[in-house]
There are 4 protein chains.
Amino acid sequence: MSINTFGHLFRVTTWGESHGPALGATVDGCPPGVPISAEALQGWLNKRKPGQNKYTTQRREADEVEILSGVFEGLSTGTPIQLMIRNTDQRSKDYGEIAEKFRPGHADITYYQKYGIRDYRGGGRSSARETAARVAAGGVARAALAALVPDLTITGYMVQMGEKHIDRSRFDLAQIAQNPFWVPDAVAAEDWAIYLDDLRKSGSSVGAAIEVVASGTPAGLGAPIYAKLDTDLAAAMMSINAVKGVEIGEGMNVATLTGEANADEITMGPDGPVYNSNHAGGILGGISTGQDVVVRFAVKPTSSILTPRRTITRAGEETEIVTKGRHDPCVGIRAVPVAEAMMACVILDHLLLHRGQVGEAPRVQFR
Amino acid sequence: MSINTFGHLFRVTTWGESHGPALGATVDGCPPGVPISAEALQGWLNKRKPGQNKYTTQRREADEVEILSGVFEGLSTGTPIQLMIRNTDQRSKDYGEIAEKFRPGHADITYYQKYGIRDYRGGGRSSARETAARVAAGGVARAALAALVPDLTITGYMVQMGEKHIDRSRFDLAQIAQNPFWVPDAVAAEDWAIYLDDLRKSGSSVGAAIEVVASGTPAGLGAPIYAKLDTDLAAAMMSINAVKGVEIGEGMNVATLTGEANADEITMGPDGPVYNSNHAGGILGGISTGQDVVVRFAVKPTSSILTPRRTITRAGEETEIVTKGRHDPCVGIRAVPVAEAMMACVILDHLLLHRGQVGEAPRVQFR
Amino acid sequence: MSINTFGHLFRVTTWGESHGPALGATVDGCPPGVPISAEALQGWLNKRKPGQNKYTTQRREADEVEILSGVFEGLSTGTPIQLMIRNTDQRSKDYGEIAEKFRPGHADITYYQKYGIRDYRGGGRSSARETAARVAAGGVARAALAALVPDLTITGYMVQMGEKHIDRSRFDLAQIAQNPFWVPDAVAAEDWAIYLDDLRKSGSSVGAAIEVVASGTPAGLGAPIYAKLDTDLAAAMMSINAVKGVEIGEGMNVATLTGEANADEITMGPDGPVYNSNHAGGILGGISTGQDVVVRFAVKPTSSILTPRRTITRAGEETEIVTKGRHDPCVGIRAVPVAEAMMACVILDHLLLHRGQVGEAPRVQFR
Amino acid sequence: MSINTFGHLFRVTTWGESHGPALGATVDGCPPGVPISAEALQGWLNKRKPGQNKYTTQRREADEVEILSGVFEGLSTGTPIQLMIRNTDQRSKDYGEIAEKFRPGHADITYYQKYGIRDYRGGGRSSARETAARVAAGGVARAALAALVPDLTITGYMVQMGEKHIDRSRFDLAQIAQNPFWVPDAVAAEDWAIYLDDLRKSGSSVGAAIEVVASGTPAGLGAPIYAKLDTDLAAAMMSINAVKGVEIGEGMNVATLTGEANADEITMGPDGPVYNSNHAGGILGGISTGQDVVVRFAVKPTSSILTPRRTITRAGEETEIVTKGRHDPCVGIRAVPVAEAMMACVILDHLLLHRGQVGEAPRVQFR
C-alpha cells in the first residue's frame, strides 16, 4: 500500500473530497479483454448510495459513474481505467461550524495537525464519501474475477449493530438484499429497524460488525510473508473509515482456544483436501486453503451526533459541539458494499500476483 | 508491503528458513548517523530467544546477530544494514514425519499448494523463527527512534492466555520483565504459570492476546488513505505468524458503542489538546493524535500438539498426525517482543514518511 | 516506477487515451500549502499544445485542465490532486486504416501483441497525447519547487534536429521562447524553419535531440543505488514517447575520455565546493553535486509519414501503409515542455525523498 | 526501483560496502522449482572477478558466493534467496588519504554531502564492488530464464574503449570469451591490449562503451507507460557505477534520421512478423517486438588516477590528490558481465510481470 494507492498488480488509487467537484478511482492493472460497462459499475454503486432509506444520510447523490479511459468497445485494454463520480448535492452551508470546531472522534483534528490545512467541508478527504470510489473500483475487480474465476462469490452482511447480534441459526443469505441493513436474518432485520429508528430520532449513532465471505477462492493465493492474503485483507478493511478491528476466521476468540479445538482437521475429497471446520477463515500461513475466506470487522459509531460533546476550536479554546447536518446513524450499514469491493480488489490482486510469481501451471495434485 | 518487504521509507526485507544456514533482515532506509551496535540488537533478540524457560520451545539458538553492512565506526551510514543470524541447533531429524504429512492448522499444506515445493524442515519459511529477523530490524528502528523522538516508549505485554485475562486494576508495567509471560499483573503471572505448565505436560497448546502501546508518539503520523497508521499497524501485526485478529483502541468492542460513549472529548492543555479518554487508541482518520497508540492482537495456539489429529499425506491419503518435536505451548509469549519490534518499525517508517511528505516545519499551534 | 505511475513520494499516475473522453494525471504526494491554480497549470500546458504553428500536428485541442481534487481555497491539502483534460478534437474517422494495418516504427503492433486488443484510434494509450497529463503534473511539481527551492530553474531546449545542430557559441537562453523550436540560437531557428518546412511538405519526419538543465539543484539529492538521481532521470526521459537514448553530462562521449580529461576538479568557494567543469552533468555516484543537472535525450522521427512503407495487417497479410492524418513532422519539438515537466517531477520527488530519509538538518559544512 | 531495490516481481536488493565484512543480494520473487546452485552462480561471478589479468584492479577477491536461503534440495522454493559474498582482501591501509580528500569525478563528496558520514574505505557503498552482488543475482535470473524461455541468450561485449571502436565487419561472437576485454573482434583485442597497457603504466584511465543483446526475447514484454521495457533497461544500466549514457537500438543517432530511414518495415514470416531492420532495438512503445533487444551504454574513466588533480579536503581546504591504491584502468571491462546480469534481471522481471498482468494465454495469432 502506498499512500492513496493499494494493491500490487491490481492497483487502485482513489482521489477526491466530499465537497469537491468530483471523486473517483484510477484503476491500473485490470487484465485486458474484460467486459466493463458503466451500467454494471452503477449497480454496485447503487448498493452504497446514500439517501435510499431513513437509516442512512439524507444527502442525495446520484453517484453516477463515468468511465474516462481504459475501456474500448466495451472491453478493458490493459491501460488505466479512470472512474469519475461528480458530486452534486454538497450543501456546504451545512458545515459552517465544523470549520472552526473539531468533532471528537473524528479526523478533523488529526488532518489539521498533520497538514496544517484541511478541507473541512463534509470531512473533506476523510469523509466516507471516498468509499464510493472504492465501490466503483471493486466493480472492475468483480468483472475481472467473473472472467477468471467464475465460481467465486463475495458476500458481505452485518452481524452486529450495537448490542444486537444476528442469530446464526436463522442465517439466510437470501434475506440480505431484503432489508436495509444487509442482515442475513429476517427477525433481526425487523428488530434492528425499530432499534435504529429510535437511535436516529434521538440524534445518536451506534457501531456495527460486518462479515465478508469469499466462496470459491482458489487455494494458493497470498504472498508470504508481508503480502499474506490475511495481511492485505486486514489492511484493506482497516483502511475503511471508522474501522477499529479486523478478524480472520475465529478472530480475537482464537486467544481462548486450545490447539486441539483450533485445528481444522483434513480429509480427502474427490477434488482435493476437505477441511472439517474453518477456524482459520480459509487462510493458513497467509495463503488461501480453498475454503471460504472469512473476514470480520467492527465499525465505530459516527462521531456526528446531536448530544453536545466537549471539544476545542482551531484557536485552542474549549467549547462544545453538536453536529446537525445529514449523517448516518449507523455508518456500518454502508460499509457492507465497501467491504465487498475491497475483498474483490484484494482477491483479484492476489490472483494476478500468484499468476506472475508462480504461473498458471497445473495445480498441485495430491496423489 | 511488497512480498517479503514491509515499510515505505524504512524498509525491512526478511529472508531465511528455520533450518537453513542462516536468516536475517535487510534494513534499508535507516537515517544516517544513528548509533547501531550488535550488542544493543542482541539485547532485543535475547528477549525473543527460544529455550529460555520451560514455557517456550526447547530449541537452543544463540540467536547471535552479525551486522554485515551499513554501519561504519558505530554509526549508520544511510546504506542498507544487513543483519544475519546463523542457525545452529536445527536437528532436522526431529521433523521427518512432517515431510509427508500436513499439520492441521499449519501452513504446511498451503505452501505446498502454492509453490509445489516446500522446505518442510521446521516449517521452513513459515516457521516463527523468521521473527528473529524482525526483532533484529526492530532494534535498528528503536535506535533511530531514540535519536529522533527520545520520549517515545514502546511496550508490549500479554493480556490474555486461553480463558485467563489480566486484571487491569492490578496493571503494573514493572511486572512485565519479572515473569516469563510478559504479564503486567503479578497475580496473573503465578496463576498462568501453573495453567501453562499443565498444558505443556499434556502436549497441548493455547492461544493468547497481546497489547502493544507506543507512548509519546507525535501527533500527525499516518498517511491517509491507504497507508494510514492503523492500516499499517494492522498489516504489521497480522503478518506475524498465527495472528488472527487485530484491534486498535476499543477494537471489535466498538461495534457495541453509541456515538456518545465512543467520543473522546477534547480539552485544552498547556502543550496542546488533551483527550479525556482513548477509545480511538490514539488514531483518528488513520493519523496519530498524540495519545498512546494502542494495538491488540490474538495469536492462535500452536498447531504442533501431541493429540492425534486427522490429516492427509502429500500423496492424498488420509492419516493421523502427532507432532512431537520441540514446540511452544503458547507461541503468543514470544510474539510480545516481535510485536514491539513491528510497532517500532512502523512508527519510525511513518515518522520518516511524514517528514518527507510534510517536512519538519513547526507543528501546528492551536492559538 | 510502477506501470502507469512514477515517483517515490511525489507520485504521478497518468491515464487516458488519445481519442477517449478525457485524459489526466493523479498526483499524489504534493506537500500541503502549495499555491496551485488551473491558470498556472494552463500556462505550462499551452507550451505543449498542438496546432499552434505549422510545425506541429494540426489537431486543435484546447487542452483545458480541470482540478478535480486536492486543492482547497487555492492551496494543496496534501491529498491527491486529480487533473483532467477533456479531449475535444478527436476526428476518429481519420484513423480508419490504422485499425487494420500496423505502422512500422510505431507501438501499434506491440500493444496488439501484448494485450490482444488495442484502442487504435490515434494510437490510443501510446499516443504522444498522454504527455499533456505529464505537463499538467509537472506544473504541480513546479509550484511545489517554487515554494521549497525558490532559486531552482528548469530549462529545456532543442540542440539538434536531423543533421542540424545548434552552435553553442551562439547559445542564448532568451532565444528559446522566441521561436517555435525552443532553440537557444537565433540563427539555427531561422535555418531550421526552412528545413522543417520542406520536410513537412514532403510528408516526411525527422528526429531531434533535447537538453534539459536544472540550475540551483541542491547538493545531496539522489538515493543510491537503485534510485539514483541519474537513474530516475534516465527512466523519466526514456519513458517519453519515441525517446531512444539518454545522456547525463558528457553522456555517450564519456567513452572517449581519459580520467584526467573527465575529472571535474574541485576548488573552494565562499558557499561551498566549486567545480571547474561539469563533465558529470551535476551528478556523482547518483547524487547531485549542486552544479547544473544536465540531461540530454534523442527522439526518433514520427513513424506516421506519407512515403509508403511495407507492413502487415492484423490478419497477417503483407501490405503497404501511408499515414495521412495530422502528425508532427518533428515530434521532438513538443518533447521540450514534456521533458521539463519530467525533470521537475523527478527533482521534487528526490527533494522529498531526501527530506524523509535524511531530514532537513543543517547541510554539511566544509570547515 | 526503490532505493536499494530494483524490479517489480523479481526484486533484487543489494547490500554491502567495499571494505565491510561482506556484501550480497537479497533476491525476492524467483519462481519456485528453478535449479539454483552456488557452482552455477560462481561461474558468472568469475567473469567479473577482479585481479584476473593486468587490465583490472589487482585486488584479489575469491568472490565466493554462499546461498543462505530460498533454495531447498537444489531448487528455488519461491522464498527470498540470500546471496552472500565475504570480502577477504580489503587492505584498508591503502585508502588512508581518501578519508580526508575527495577524488574529483568520484562519489566521495556527494555521499558526504548527502549523509554527513561516509564509509570512505574503498569507496564504501559507491564502490564498483557492489556489482558483484548484481552478478550473483543475475545468475539466479539466468537460471529462471533458462527454465522459462530456453532459447533466450544474453550477450554483452565492448564496442569502444577511448577513441578505439570495434569494426562491425569483423564482428565474431566467438571472440568475446577469447580476450580480456570481451571484444567480438580479434584484431581490436590485440590493438586494445597495447593501448590499455600503456594507459595503465602511465597511471591513467579511459572510458568505454558496452553493448548488450538479448536474442530470443518474446514479443509483448514491457509495461507501458512508466515500466516500459526500455525505461527499465535504461534505469538498470544507468544505475551501474560510472555510466553516463544509455541507448536503445539506434540510440542518440536517431536524432539524425528521417521517418523513412528509421522505419523498420514489417513482412510476414512463418512464425509471425519479420522486421527488415532493427533501428528500434527490439522495442516499440516500450514493448518488445520479438527482435533482438539491443542496449548500449557508456562508462566513464575511473577517477582514481596517478596524475594530480585539484580538490578540497573534508575541512574545505584546497589541495591536490593522486590516487595510488589498486584500480581498473578501464572499469568498463568489468561492466560487461554486470550489464548482462542487469539485462537478465530486467527481462525475467518483465516476463513475470507480463504473466501476472496478461496471463500465459495463447500468444496473439496474426491470421
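Above this text you will find the structure in question.
Bear in mind that the values here come from a model prediction, so they are computed numbers and not experimental data.

Enquirer: Before we go on, may I ask you to explain the overall build of chain A in this structure?
Expert: Within chain A one finds 7 helices and 18 strands. By the compact-globule yardstick of 21 Å for 367 residues, chain A fits well, its C-alpha radius of gyration being 21 Å. Dimensions of chain A along its principal axes, counting C-alpha atoms only, are 70 × 50 × 35 Å. Residues classed as buried in chain A amount to 70% of the 367 residues present. Considering only contacts within chain A whose residues lie at least 6 apart along the sequence, 70% involve residues at least 24 apart. When the accessible surface of chain A is split by element, carbon and sulfur atoms take 50% of a total near 10,900 Å². Charged side chains in chain A number 37 positive and 41 negative. The centres of these two groups are separated by 7 Å.

Enquirer: What is the right way to look at the interface of chain C and chain A in this model?
Expert: Reports of interface size often rely on the accessible area that becomes lost once the parts have come together. Each side of the interface is counted separately: chain C has 38 residues, and chain A has 38 residues. Taken together, both faces of the contact between chain C and chain A bury some 3,000 Å²; the carbon and sulfur share is 61%. The three residues of chain C that bury the most area against chain A are Leu 68, Phe 72 and Ile 117 of chain C, which together make up 20% of that side's buried surface. Here Arg 86 of chain C makes a salt bridge to Glu 66 of chain A, at a shortest N to O gap of 3.6 Å. At the surface where chain C touches chain A, the tally comes to 7 residue pairs in polar contact (both at pLDDT 80 or more). Contributions of two or more residues to the side of chain C that touches chain A are made by strand E2 (11–16), strand E3 (22–28), strand E4 (65–67), strand E6 (75–76) and strand E7 (81–86) of chain C. The dominant element in the side of chain C that touches chain A, judged by the number of residues it contributes, is E2 of chain C, at 5 residues.

Enquirer: Teacher, can you tell me more about the state of the cysteines here?
Expert: Formally, a disulfide is one covalent bond, and it connects the sulfur atom of one cysteine to the sulfur atom of another. Overall, the coordinates contain 0 disulfides over all chains when judged by the stated rule. Cys 30 of chain A supplies the cysteine sulfur nearest to Cys 345 of chain A, a cysteine that is in no disulfide, at a spacing of 10 Å.

Enquirer: How do you make sense of the pairing of strand E17 (residues 309–312) of chain C when you look at a structure like this?
Expert: Along a regular strand, successive side chains alternate from one face of the sheet to the other. All names here are of chain C. Bridge count for E17 against strand E18 (residues 318–321) is 4 bridges, and the pairing is antiparallel. Note on E18: the bridge partner recorded for Thr 311 is Thr 319. Linking E17 to E18, which pair antiparallel, is a turn of 5 residues; within it Gly 316 sits at a positive phi near 85°.

Enquirer: Is there a simple way to think about the environment of Val 295 of chain C in this case?
Expert: All names here are of chain C. Position of Val 295 among the secondary structure elements: in strand E16 (residues 293–299). Assessed through its relative accessible area of 0%, Val 295 is described here as buried. C-alpha of Val 295 to C-alpha of Val 12: the two residues are 283 residues apart in sequence and 21 Å apart in space. Sequence-distant contacts of Val 295, defined by excluding residues within four places in its chain, comprise Ile 210, Glu 211, Val 212, Leu 233, Met 237, Val 246, Glu 247, Ile 248 and Met 343.

Enquirer: Would you explain the sheet that holds strand E9 (residues 164–165) of chain B in this entry?
Expert: Each strand in a sheet pairs with another by means of backbone hydrogen bonds, the pair being arranged parallel or else antiparallel. The strand order E9(A)-E8(A)-E10(A)-E16(A)-E11(A)-E11(B)-E16(B)-E10(B)-E8(B)-E9(B) describes an open sheet built from 10 strands, whose pairing is antiparallel. Among the strands making up the open sheet, the edge pair consists of strand E9 (164–165) of chain A together with E9 of chain B. Looking at chain direction, strand E11 (residues 243–248) of chain A and strand E16 (residues 293–299) of chain A are connected through 5 bridges and run antiparallel. Looking across to E16 of chain A, one finds that Ile 248 of chain A is bridged to Val 295 of chain A. Seen against the sheet, helix H7 (residues 332–357) of chain A touches strand E8 (153–161), strand E10 (208–215) and E16 of chain A and runs at an angle of roughly 145° to E8 of chain A. Relative to the sheet, helix H7 (residues 332–357) of chain B contacts strand E8 (153–161), strand E10 (208–215) and strand E16 (293–299) of chain B, its axis offset from that of E8 of chain B by approximately 145°.

Enquirer: Quick question: what am I supposed to make of the interface of chain B and chain A here?
Expert: Each partner contributes to the interface: chain B provides 113 residues, whereas chain A provides 114 residues. Approximately 9,000 Å² of surface area, both sides summed, lies buried where chain B meets chain A, with 61% of it carried by carbon and sulfur atoms. Summed over the three residues of chain B that lose the most area to chain A, namely Lys 114, Tyr 226 and Lys 244 of chain B, the buried surface amounts to 11% of that side. Taken together, the links from chain B to chain A amount to 2 salt bridges. For Glu 265 of chain A, the salt bridge identified is with Arg 309 of chain B, shortest N-O distance 3.9 Å. Where chain B packs against chain A, one counts 47 residue pairs in polar contact (both at pLDDT 80 or more). Sort the elements by how many residues they give to the side of chain B that touches chain A and helix H2 (residues 108–115) of chain B lands first, with 7 residues. Considering only residue class, the side of chain B that touches chain A consists of 53 nonpolar, 41 polar and 19 charged.

Enquirer: Honestly, the sheet that holds strand E7 (residues 81–86) of chain D in this entry has me stumped. Any pointers?
Expert: Residue and element names in this part refer to chain D. The strand order across the open sheet built from 5 strands is E1-E2-E3-E7-E4, with neighbouring strands paired in antiparallel fashion. Because the sheet does not close on itself, it has two edges, and the strands there are strand E1 (5–6) and strand E4 (65–67). Both E1 and strand E2 (residues 11–16) contribute to a ladder of 2 bridges, which runs antiparallel. When the bridges of E2 are listed, Thr 5 appears paired with Thr 13. Strands in contact with helix H3 (residues 131–148) are E2, strand E3 (22–28), E4 and E7; relative to E3, the strand with the most contacts, it is inclined by about 35°.

Rules and cut-offs
Within any chain, residue numbers begin from 1 and follow the written order of that chain's sequence. Going through the entries in the order they are written, you letter the chains from A and number the ligands from 1. Per-residue local features of the predicted model are confined to residues with pLDDT of at least 70, and side-chain atom pairs are confined, for both listing and counting, to 80 or more; whole-chain, interface and lining totals are unaffected and use all residues. Only hydrogens and water are set aside; all other atoms, that is, all heavy atoms of the structure, feed into the side-chain values. Comment: elements are numbered from the N terminus, with helices defined as DSSP H or I runs of at least four residues and strands as E runs of at least two. Here the radius of gyration uses the C-alpha set of atoms, whereas the globule reference equals 2.2 Å times the residue count to the power 0.38. Accessible area is worked out with a 1.4 Å probe on protein chains only. A residue is then buried under 20% of its type maximum, exposed over 50%, and partly exposed in between. Throughout, a contact is declared for two residues whenever any of their heavy atoms are within 4.5 Å. A 1.4 Å probe and the Shrake-Rupley method give the accessible areas. Residues count as covered only by the protein chains that appear here. Asp and Glu are treated as the negative residues and Lys and Arg as the positive ones, with His and the ends of the chain left uncounted. Charged side chains are reduced to one point each, which is NZ for Lys, CZ for Arg, CG for Asp and CD for Glu. When two parts are put together, the accessible area they lose, computed with a 1.4 Å probe and summed over both, is reported as buried area. Only one rule defines a salt bridge in this text: a Lys or Arg side-chain nitrogen within 4 Å of an Asp or Glu carboxyl oxygen. Side-chain atoms alone can form a polar contact between residues adjacent in sequence; in general such a contact is a pair of N or O atoms within 3.5 Å, and within protein one must be able to donate a hydrogen while the other accepts it. Whenever a pair of cysteine sulfur atoms sits within 2.5 Å, that pair is classed as a disulfide. A pair of strands counts as paired when DSSP detects no fewer than two bridges linking them. Angles run from 0 to 180 degrees between N-to-C directions of axes, and those axes are lines fitted to C-alpha atoms, restricted for helices to the stretch in contact. Residue type decides the class: Asp, Glu, Lys and Arg count as charged, Ala, Val, Leu, Ile, Met, Phe, Trp, Tyr, Cys and Pro as nonpolar, and the leftover types, Gly among them, as polar.

This is a description of form; function is not addressed.
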